[in-house]
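The lines below spell out each chain.
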Amino acid sequence: ASPLPLLLGQSGAWVSMVRALAGVAAALFAASYADAQGQQKQKMEPPKWLSDDGKDLFNDIEGDANPHSDFACEAREKLLKHMAGKGDPGAADYRTRVLLGLGLCEVKKENWAIAKKRMDSAISEMNAPSEDFMLKNPNLAPIALTKQATDLMKKYEVTQAGTQLRRCREVLERNLKSVLKQVHTQMKQQQGDQVPPVDKFIEEIPGLGKSGQFLPMLMDQVPMLREGFGFMSVVENALDSLDKKVAVVDSSQKTKKMRLDVSKGKGKSGSLLYARSMFMEPIVPADRLAAAQELVEGGVAKALEAAAGSVDKAVTLIKRTKPASGCKDDLAAVCEKLGKIADIASNGFGETRIVVPKEGKKQALEVCTTNANVAIVLASKDGATLTVAGQDPMTLKAGEPVVYDYCLEASLEAAGKVPVLFAQAWHPEFAAVERTTELRSRSSSFGLSEDEVKAVTKVVNDHAKKAWEKSAKLWRATSEGLENM
């Protein structure tokens, strides 16, 4: 059978092949689970049209525990020559698989120009209609996203490349979950209640198939998992490398990571998140953030000014994507308009509230629970000052938003009673697939019901289709930090 449906899942052959592999895996895994002795590793067979030397190379690659080891990468270079010019059925699919592997080998080495060339060749062999087509197909999207990341790294666009690789990682994980569920279904049909719950398999995904009680054993029986986890491992390492490049420019990156990166390798369930290769200056001009502009253009600033006289103490307006207790009376109009700003209203990590600093005293502002968020402050009238750690105090003008990195300590001061809107929005380079993944996986922490999750993820996806790329491009414009990178 052609390996491409196995690897990418783009045709009906995928379904039958998954079922066949799942059936083999179920029998072998059940025996191994009962008595982990004597089970042989399953691997893909070389095509019959390949030369004997080519078959040896093919088997060497399939037998390597690390699909992208130096040995496997060198063997692929030789194998490609044996496959060149072959017109046999499935030959193009096999070449695609080899070229994809070579591209990932170059990503691992950070040879971005060569990696892009290999990924372009793989896509050409696939004869896909377009990259847009690939991006809409979950099984093809990781290839297109990785290719785009290599192209961006050729131009030293580190944060953009990081966004594509994070998107790639999320899609790969979703695909692996789907495969594991299908394998698990076949195992249950054969073994019944003896099979561990599928959640036990999924919980081990962060270990990339190398650790845990079940996946290392299952990896040997389902070549598809070896391919998927090998791909994910390369992406993980590339993201770690890009994150270090950001840290060279952003001196606060190390502190953010130490505080927020507490769940790596442990799934996604808590309230803290560290997103790699994410950059932000301490203070950002409001005209670079679409959500800040919407506060003015959408009427929030005027509504806040009109309600300011009736606000004497701090109130919460949006909490974990839902209207909060402060949304009543004169502030109802503010909440109604805030609800139309997708990047604020759909943000599950943060809260949006009104802060009223006591006259002559510093009011400390909360610190981020994720660097995938940004903060916006909007004063209802003149008289307040924002101070961000390491920066000079900044006078806030009525109706003019200020955007800042609230992973840094910050405080407000006011000469009199000045209600200030403190809003938390998604970081513009944090993609829709990442936002929806976090909202779903952390729904318990965020206190969201299934219906609420469906509603808020729809807001995220609808907004992304219309405005995400434009918002991200606006964010990157005139950024001195990104230029330095």
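Scroll up a little and you will see the structure.
These numbers were taken from a predicted model, which means no experiment stands behind them.

Account for the state of the cysteines, with residues named and values stated.
Counted by the stated rule, this structure contains 3 disulfides. Across the disulfide from Cys-73 sits Cys-105; the S-S distance is 1.9 Å. On the sign convention where negative is left-handed, the bridge of Cys-73 and Cys-105, at about -90° about the S-S bond, is left-handed. In this pair, Cys-73 sits in helix H4 (residues 70-83) while Cys-105 sits in helix H5 (residues 91-109), placing the two residues 32 residues apart along the sequence.

Describe the packing of helix H8 (residues 141-154) against helix H12 (residues 223-249), listing the residues and the values that go with them.
As a packed pair, H8 and H12 sit with axes 13 Å apart at the nearest point and diverge in direction by 30°. If you check the angle between H8 and H12, you find them roughly parallel. Handedness of the crossing formed by H8 with H12: left-handed. Every residue of H12 that contacts H8 at Pro-142, Ile-143, Thr-146 and Met-153 is listed here: Phe-231, Leu-242 and Lys-245. Grouping the amino acids of the contact of H8 with H12 by side-chain chemistry returns 5 nonpolar, 1 polar and 1 charged.

Describe the sheet that holds strand S10 (residues 410-414), and please don't skip the residues or the numbers.
In a beta sheet, neighbouring strands are held together by backbone hydrogen bonds and run either parallel or antiparallel to one another. Pairing in this open sheet of 4 strands is antiparallel, and the strands run S5-S10-S7-S8 from one edge to the other. Edge positions in the sheet fall to strand S5 (363-364) and strand S8 (394-396), since each of these pairs with one other strand and no more. Looking at chain direction, strand S7 (residues 384-388) and S8 are connected through 3 bridges and run antiparallel. If you follow Ala-384 over to S8, its bridge partner there is Leu-396.

How each quantity is defined
For every chain, the first residue of the written sequence is number 1, and numbering continues from 1 onward in sequence order. Reporting in this predicted model follows two pLDDT cut-offs: at least 70 for local features of residues, and 80 or more for side-chain atom pairs to be given and counted; totals over whole chains, interfaces and linings ignore these cut-offs and use all residues. The side-chain quantities take in all heavy atoms of the structure and omit both hydrogens and water. Sulfur atoms of two cysteines make up a disulfide when they are within 2.5 Å. For the purposes of this entry, the term helix denotes a DSSP run of H or I that reaches at least four residues, the term strand denotes a run of E that reaches at least two, and both are numbered from the N terminus. Helix axes are fitted to C-alpha atoms over the stretch in contact, other axes to C-alpha atoms as well, and angles between N-to-C directions run from 0 to 180 degrees. By the definition adopted for this analysis, an angle is roughly parallel if under 35 degrees, roughly antiparallel if over 145, roughly perpendicular if from 65 to 115, and oblique otherwise. The crossing is said to be left-handed when, going from far helix to near helix, the turn is anticlockwise and less than a right angle, and right-handed when the turn is clockwise. Any two residues whose heavy atoms approach within 4.5 Å at even a single point are treated as in contact. Gly falls in the polar group here, along with every residue not listed as nonpolar (Ala, Val, Leu, Ile, Met, Phe, Trp, Tyr, Cys, Pro) or charged (Asp, Glu, Lys, Arg). Paired strands, as defined in this entry, are two strands with at least two bridges between them according to DSSP.

By themselves these figures say nothing about function.
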